[in-house]
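An overview of the molecular structure
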Amino acid sequence: MFETSDLFLRQYGQVGIFLLFGIFFAVISLALAWLVRVRNHDPLLNTTYECGPDPVGTAWIPLNVRFYLFALLFVIFDVETLFIYPWAVIYKDLGMTGFWEMSVFIAILSLGLLYAWKKGALQWD
Amino acid sequence: MVLPVWTQSQKRAFGVLSAISIAGAGLSLAIGELSLRFNQIWKFVTSLALKIAIPSLLVQIVSMILQCSILIGFISVSVMFIVWWERKVSAHMQSRLGPMETGGWHGWAQTIADAIKLLLKEDVIPHEASPWVHRLAPVLAFVPAFLCYAALPFGEGLISADLDIGILYIFALSGISVLGIVMAGWGSGNKYSLLGGLRSAAQSVSYEIPRVLSVVPILMFAGSLKLTAIAQYQSGFWRISGVPLLPKWFIFYPFIGQVAFLIFLIASVAETNRTPFDIAEAESELVAGFHTEYSGMKFSFFFLAEYAYVFLSAGITAALFLGGGSGPILPSWIWFLLKSFFVVFLFLWFRWTFPRLRVDRLMEFTWKFLLPWSFANILIAGLVILL
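Some points on the overall build of chain A
Helix and strand content of chain A: four helices and zero strands. When its helices and strands are written in sequence order, chain A yields α-α-α-α. In chain A, buried positions account for 33% of the 125 residues. Just so you have it, chain A exposes about 8400 Å², and 73% of that area is on carbon and sulfur atoms.

Focus on helix α6 (residues 191-214) of chain B
Counting along an α-helix, one turn takes 3.6 residues, and residues three or four places apart therefore face a common direction. Residue and element names in this part refer to chain B. With 24 residues, α6 extends 35 Å between its outermost C-alpha atoms, agreeing within 8% with the 34 Å of an ideal straight helix rising 1.5 Å per residue. Burial within α6 is extensive, with 22 of its 24 residues counted as buried. Measuring from the backbone nitrogen of Y192 back to the side-chain oxygen at the start of α6 gives 2.8 Å, which picks out N190 as the cap.

Things to note about the packing of aromatic side chains
Between two aromatic rings, the relevant description is the distance of the centres plus the angle of the planes. All names here are of chain B. Within the structure shown, the criterion is met by 38 aromatic pairs over all chains. Look at F74 and F154: their rings are 5.0 Å apart centre to centre, the planes differ by 80°, and that puts the pair in the edge-to-face class. Linking F74 in helix α2 (residues 56-93) with F154 in the loop between α4 (131-148) and α5 (166-187), this pair joins segments that are 80 residues apart in sequence. F154 sits in the buried class, given a relative accessible area of 12%. Here the aromatic rings of F365 and F369 are separated by 5.5 Å at their centres, their planes lie at 15°, and the arrangement is stacked. Of this pair, F365 and F369 are both found in helix α13 (residues 359-386), four residues apart, which corresponds to roughly one turn of the helix. Note on F369: relative accessible area 40%, which makes it partly exposed. These aromatic residues form a ring-pair network of at least three members: F74, F81, W84, W85, Y149, F154, F311, F336, F341, F345 and W349. Across from the ring centre of W132, 4.6 Å away, lies the NZ or CZ of R135, which sits over that ring.

Topic: the interface of chain B and chain A
Contact residues are listed per partner, giving 83 residues for chain B and 65 residues for chain A. Both faces considered, chain B and chain A share a buried interface measuring about 6800 Å² in area, 76% of it formed by carbon and sulfur atoms. Considering only the surface of chain B that becomes buried against chain A, E122, K191 and W367 of chain B emerge as the three largest contributors, covering 10% of it. Taken together, the links from chain B to chain A amount to zero salt bridges. Our count for the contact surface shared by chain B and chain A stands at four residue pairs in polar contact (both at pLDDT 80 or more). The set of elements that each furnish at least two residues to the side of chain B that touches chain A consists of α2, α3 (110-120), α4, α5, α6, α7 (216-222), α11 (296-321) and α13 of chain B. With 15 residues, the single largest contributor to the side of chain B that touches chain A is α13 of chain B. Its residues assigned to classes, the side of chain B that touches chain A comprises 56 nonpolar, 13 polar and 14 charged.

Structural notes on α3 of chain B
Buried within α3 of chain B we find Q110, T111 and L118 of chain B. Burial along α3 of chain B is one-sided: seen end-on, the buried residues are contained in an arc of 90°.

Regarding the side chain of E271 of chain B
Considering the arrangement of structural elements, one finds E271 of chain B in helix α9 (residues 256-271). Setting aside chain neighbours within four positions, we find E271 of chain B in contact with S204, Y207, E208 and R211 of chain B.

Description of the pattern of salt bridges
Residue and element names in this part refer to chain B. Per the counting criterion, the structure on display carries eight salt bridges over all chains. Between R87 and D114 there is a salt bridge, and its shortest N-O distance comes to 3.1 Å. Of the two residues, R87 is situated in helix α2 and D114 in helix α3; the sequence distance between them amounts to 27 residues. With relative accessibility at 36%, the residue R87 sits in the partly exposed group. For D114, a relative accessible area of 21% translates into the label partly exposed. A single network of salt bridges, built from pairs that share partners, joins E86, R274, E306 and R351.

Observations concerning the pairing of strand β1 (residues 237-240) of chain B
For a regular strand, side-chain orientation follows a simple rule: the groups alternate between the two sheet faces. Residues and elements named next belong to chain B. Of the pairings in the sheet, the one linking β1 to strand β2 (residues 243-247) comprises four bridges and is antiparallel in character. Counterpart to R239 in the pairing with β2 is P244. Where β1 folds back onto β2 in an antiparallel hairpin, the turn is made up of two residues, including S241, whose phi is positive at roughly 45°.

Description of a nonpolar patch on the surface
Among the surface-exposed residues, L32, W34, L35, V36 and V38 of chain A together with W105, W108, I112, I116 and L120 of chain B lie close enough to one another that they form a single nonpolar patch of about 980 Å² accessible area. Elements represented by at least two residues in the nonpolar patch include exactly α1 (2-36) of chain A together with α3 of chain B. It is α1 of chain A that contributes the most residues to the nonpolar patch, four residues altogether. Looking at the element boundaries, V36 of chain A is found in helix α1.

What to know about the environment of P153 of chain B
Residues and elements named next belong to chain B. In this structure, P153 sits in the loop between α4 and α5. It is 9.8 Å that separates the C-alpha atoms of P153 and K226, two residues lying 73 residues apart in sequence. In contact with P153, other than residues within four places in its own chain, are L158, I159, L227, T228, A319 and F336.

How each quantity is defined
- Residues numbered from 1 in each chain as written.
- Chains lettered and ligands numbered in written order.
- Predicted model: local features only at pLDDT ≥ 70, side-chain atom pairs only at ≥ 80, totals over all residues.
- Heavy atoms only, no water.
- Helix = DSSP H or I, 4+ residues; strand = E, 2+ residues; numbered from the N terminus.
- Buried < 20%, exposed > 50% of the residue type's maximum accessible area, 1.4 Å probe, protein only.
- Areas by Shrake-Rupley, 256 points an atom, 1.4 Å probe, with all protein chains shown as cover.
- Expected span 1.5 Å × (residues − 1).
- Polar contact = N/O pair within 3.5 Å; in protein donor to acceptor, adjacent residues only side chain to side chain.
- Phe/Tyr/Trp six-rings, centres within 6.5 Å; stacked < 30°, edge-to-face > 60°.
- Lys NZ or Arg CZ within 6 Å of the ring centre and 35° of its normal.
- Contact = heavy atoms within 4.5 Å.
- Buried area = accessible area lost by both parts, 1.4 Å probe.
- Salt bridge = Lys/Arg side-chain N within 4 Å of Asp/Glu carboxyl O.
- Nonpolar A, V, L, I, M, F, W, Y, C, P; charged D, E, K, R; others polar.
- Arc of directions from axis to C-beta.
- Pairing = 2+ DSSP bridges.
- Patch = residues over 30% accessible without salt bridge, like charges linked within 9 Å, V, L, I, M, F, W, Y side chains within 5 Å.

Laid out in structure tokens, this is it:
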């Protein structure tokens, strides 16, 4: 028991140090660029780029709902894949039962996909 | 029989391409050799430190920080190499020469010059932008890419954190980078950026699902999520009456392996937003997509992240489908790097072979073709294991 948790801490402690180091590297590089970069700012440089002319209106506009639909579909299917992973790891021990159970699970998922398909949620018009 | 006659430019292209590939192999040799030497030296130093009673936790932390530095070095060098390589390969596929001046020999120092240029560029934050979202986005795109390298096995014993859930960890973290891209798109206050960011997000999340599912048959065969264990599982040969025929790499599993490999490769190219799936930054319609308003170091972080993911995808492909570090004679890390760079070459090859997909075709392709096939592949693999 103790050994497992120790290993757990060691592995994820490593990941934690990677996280800190990654942030550190990013901050250091940005700071270095801040130190050495050119500063002859033209006031027009800070306008929004719209191929030359003055920008028209704001960019923060209501978005097409299809982005939301795809995000929703993604959340559903991604959670389902997380259910499939542990099953896949112990599949060889489960045998026939595991196969039928997963067949039912994937059949239900496919029905959901088919429903979204028929409803036109997968259509990017 | 008529032998094909090569034109002068084809001969030259072939010669230069092979020279470049050999140079790439040489570079990876040098990097790997260095890190392996380092490993030995490090073991010696650790034992010495333990002898003179320095606390082991401290030794471990210092060791991890050194590993981080090596990996950052590796990422930077390999990204620089891949960028230069891409430019050369692209150029020769179009009968051009590509960079030839910088550094002398075939423009080898071109990317270094580019990096210095990017460091010196002035920083632009548009008036319309949300300043902190704009600043944080590149960091958020890069850090997960770096974190993923922690669990990438570069060969036997060359892995920083050999997590039990290795492959899941990499998929989970590479999903976070989408957030950085959406933040860049939204935070720039630019219509092109917004559209590019959202398209990229929709595309990445859609291709994530077949990508994650296509790996499931491998997990069923190998019975582990650990990348080293999966690579280990693929060592050895299939023999017909004692004669080794094919290595037991997953890509050689009849049908299941090829389907999984194709789905994974296509989805990986789409995940990294590269041509033919680069509608997110389609320059003919969206300027530069989500990084339209980025310049200098912040831009280079997006660039770094993209190419870090390219090598990461290639590395995972090598570990999952091409047997990781298994191979004869040469040490395992050479095999790993050779296989990875081969997959990177496939990525570059795709770029100049396939035309860009239209956005509706792109989404339909993953949801209506790749996803059903990956489900089917899981069930077929299940049946094969049972029989």
